Amino acid sequence: MRSAKRNGKAGNAPAPAEPTTVILCFEPGAGPEAARRALKALGLPGVPDNRSRWFEPGLLTIRADGAVPREIQERLAALPGVRRVSAMPAGHRLVTHAFARADAAVALAGGAAVGDGTLTLIAGPCSVESKSQICGIAAQVKAAGARVLRGGVFKPRTSPYSFGGIAERGLEFLACAREKTGLPFVTEALDASQFDLVARYADMIQIGSRNMSNFPLLFKAGAHPAGKPILLKRGFFSTVEEYLDAAEYVLLGRMLAGADRPGLILCERGIRTFETSTRFTLDVAAIPILQECSRLPVIADPSHAAGNRKWVPHLARAAAAAGADGLIIEVHTRPDRAWCDGDQTITPEQLRVLMGEMTALAPFVPAPRGSA
Ligand code: PEP
Ligand code: MN
């Protein structure tokens, strides 16, 4: 349609066919020689140019003119070193078209799931401080209805002089809290060099807002052999379209790893606008829009959006009402003493009250068990 219109002046000349994106995954170690053969099979110069892109260690994307018939796709698939071939109209994304919504639900240890039709609560401190701190908070957020524990050990801080997290020791403490409570946990990796370590401990790996445009990291996260689910937060400087493209990098990595499920959760955590009365502006509309434009579960982070604990319940309720698949909320027994983000952190008791309110709002919210 689009090209017919663009070429409307051409009279009866047939409109050129829409270009196609071809994605080729190679066997480990296949190398650029295998990529050259694939390009030649499509009649392209044997060296990647601006129509094709090579991702280490073995994925090639090609923008081919027009449709790529099944016979050619089969020929590509039969080339030495080629493991998988996919094709879709250029401009489409895997994130929208490649899988069913049911396959996008993320199952975690302890029966927790995100994207299964319930509102999944992820809660815990901004940062892990000590074993007793995280174990105590884990038990209390669990009692308030949390299914997943959060806690940062590698913290992305705007100032190099701010507390940066307690690193591997914190992962051990999180594992201990999981052992005691049965709650799986999510924690952030800041760069690819931390992935092996974090994946060894964590049930889910967070890529934070500031790293949403770290494209090599996104691809490596998706391709990581541990295959741990990724929680990708929206860049506070990013449009929905840019966010979907970021998710696409993760899914290309997943494809290279041979995964049949995306294992990816999106998180609306507020964007920067001219408004300064909150830390960021929670883009509530982005929740249903991202759900419609992707097959992925979409959760919301009212804590980082609000920046002030007073507004966290309001934003949490708004996100739940908008249909979020989950919430990630910062909780600490002593928010005034939290090492990071105390102003936006609520207590376990406040979390329990909030979850009670949300049960009325959305009957599928798990009811709080016992009191904190
Ligand atoms: C966090 O979850 O602790 C965090 C730093 O979030 P964001 O990347 O959304 O700022
Ligand atoms: Mn925080």
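Scroll up for the structure.
Residues take numbers from 1 onward in each chain, read along the sequence in its written order. Lettering for chains starts from A, numbering for ligands starts from 1, and both go in the order in which the items are written. In keeping with the model being predicted, local features are shown solely for residues with a pLDDT of at least 70 and side-chain atom pairs are shown and tallied solely at 80 or more, while totals for entire chains, interfaces and linings include all residues. The side-chain numbers reported here are obtained from all heavy atoms of the structure, hydrogens and water having been left aside.

Asker: In this structure, what is going on with the overall build of the protein? I would like to understand it.
Answerer: Within the protein, the secondary structure is distributed over 14 helices and 14 strands. For 372 residues, the compact-globule estimate of 2.2 N^0.38 gives 21 Å, and the C-alpha radius of gyration of the protein, at 22 Å, lies within 12% of that figure. Its C-alpha atoms put the protein at 70 × 45 × 40 Å along the principal axes. Among the 372 residues that make up the protein, the fraction classed as buried is 52%. Secondary structure is summarised from DSSP: a helix means a run of H or I of at least four residues, a strand means a run of E of at least two, and numbering begins at the N terminus for each. The atom set for the radius of gyration is the C-alpha atoms, and the globule formula is 2.2 Å times the number of residues raised to the power 0.38. Think of it in three bands: residues with accessible area under 20% of the maximum for their type are buried, residues over 50% are exposed, and the middle band is partly exposed, with areas taken using a 1.4 Å probe on protein chains only.

Asker: Got a minute to help me understand the pairing of strand β7 (residues 120–124) in this structure?
Answerer: Taken residue by residue, a regular strand's side chains alternate between the two faces of the sheet. Across the 5 residues that make up β7, a large majority, 5, are buried. Burial along β7 is two-sided: Thr120, Ile122 and Gly124 and Leu121 and Ala123, pointing in opposite directions, are all buried. As paired elements, β7 and strand β14 (residues 326–330) share 5 bridges and run parallel to each other. Of the residues in β14, the one forming a bridge with leucine 121 is leucine 327. Look down the strands so they point away from you; if the path from the first strand over the helix to the second goes clockwise, the crossover is right-handed. Crossover connection from β7 via helix α6 (residues 131–143) to parallel strand β8 (residues 148–150): handedness right-handed. In this description, strands pair whenever DSSP reports at least two bridges between them.

Asker: I tried to follow the sheet that holds β7 on my own but got confused; where do I start?
Answerer: Sheets are built from strands that pair by backbone hydrogen bonding, the pairs being arranged parallel or antiparallel. The parallel closed barrel is built from 8 strands, whose spatial order is β7-β8-β9-β10-β11-β12-β13-β14. Between one strand axis and the next, the sheet turns by 30° as a mean value, whatever way the strands run. Bridge count for β7 against β8 is 2 bridges, and the pairing is parallel. Looking across to β8, one finds that alanine 123 is bridged to leucine 149. The convention used is that axes are lines fitted to C-alpha atoms, helices contributing only their stretch in contact, and that angles between N-to-C directions extend from 0 to 180 degrees.

Asker: Could you clarify how one ought to interpret empty space enclosed by the protein in this entry?
Answerer: Gaps left between atoms show up when a probe the size of a water molecule is rolled over them. Detection works on a 1 Å grid of protein atoms alone, calling trapped sets that fit a 1.4 Å probe cavities and calling open sets with protein on both sides within 12 Å along at least five of seven lines pockets, with lining residues defined by an atom within 4 Å of a point. Grid points are joined across faces, edges and corners, and a volume is the space filled by probe spheres set on the points. Counted by the stated rule, this structure contains 1 cavity of 30 Å³ or more. One number sums up the size of the largest cavity: a volume of about 50 Å³. Contributing to the lining of the largest cavity are Arg150, Gly151, Gly152, Lys155, Val186, Thr187, Glu188, Gln206 and Ile328. For the lining of the largest cavity, the element with the highest residue contribution is strand β9 (residues 185–188), accounting for 3 residues. Any residue that is not Ala, Val, Leu, Ile, Met, Phe, Trp, Tyr, Cys, Pro, Asp, Glu, Lys or Arg is counted as polar, Gly included; the first ten are nonpolar and the last four charged. Taken together, the residues of the lining of the largest cavity sort by class into 2 nonpolar, 4 polar and 3 charged.

Asker: What's the story with the packing of helix α9 (residues 215–223) against helix α10 (residues 240–256) in this structure? I'm lost.
Answerer: The axes of two packed helices give the description: the angle between them and the distance between them. α10 packs onto α9 with a crossing angle of 40° between their chain directions and a minimal axis gap of 6 Å. One finds that α9 runs oblique with respect to α10. The crossing of α9 and α10 is right-handed. On the side of α9, the interface is formed by Phe215, Leu218, Phe219, Ala221, Gly222 and Ala223, while α10 contributes Ala246, Tyr249, Val250, Leu252, Gly253, Arg254 and Leu256. Residues of the contact of α9 with α10, tallied by class, amount to 10 nonpolar, 2 polar and 1 charged. Oblique is the label for any angle not under 35 degrees, not over 145, and not in the 65 to 115 range, which are roughly parallel, roughly antiparallel and roughly perpendicular in turn. Note on convention: the crossing is left-handed when the near helix lies turned anticlockwise from the far helix by less than a right angle, right-handed when the turn is clockwise. The criterion used for residue contact is that any of the two residues' heavy atoms lie within 4.5 Å.

Asker: Would you explain the packing of helix α13 (residues 312–321) against helix α14 (residues 348–361) in this entry?
Answerer: Look at α13 against α14: their axes get within 10 Å of each other, and the N-to-C directions meet at 30°. The orientation of α13 with respect to α14, classified from their angle, is roughly parallel. Remark: the crossing between α13 and α14 carries right-handed chirality. Along the contact surface, α13 presents Pro313, Ala316, Arg317, Ala320 and Ala321, while α14 presents Leu354, Glu357, Met358 and Leu361. Here the residues of the contact of α13 with α14 are counted per class, giving 7 nonpolar, no polar and 2 charged.

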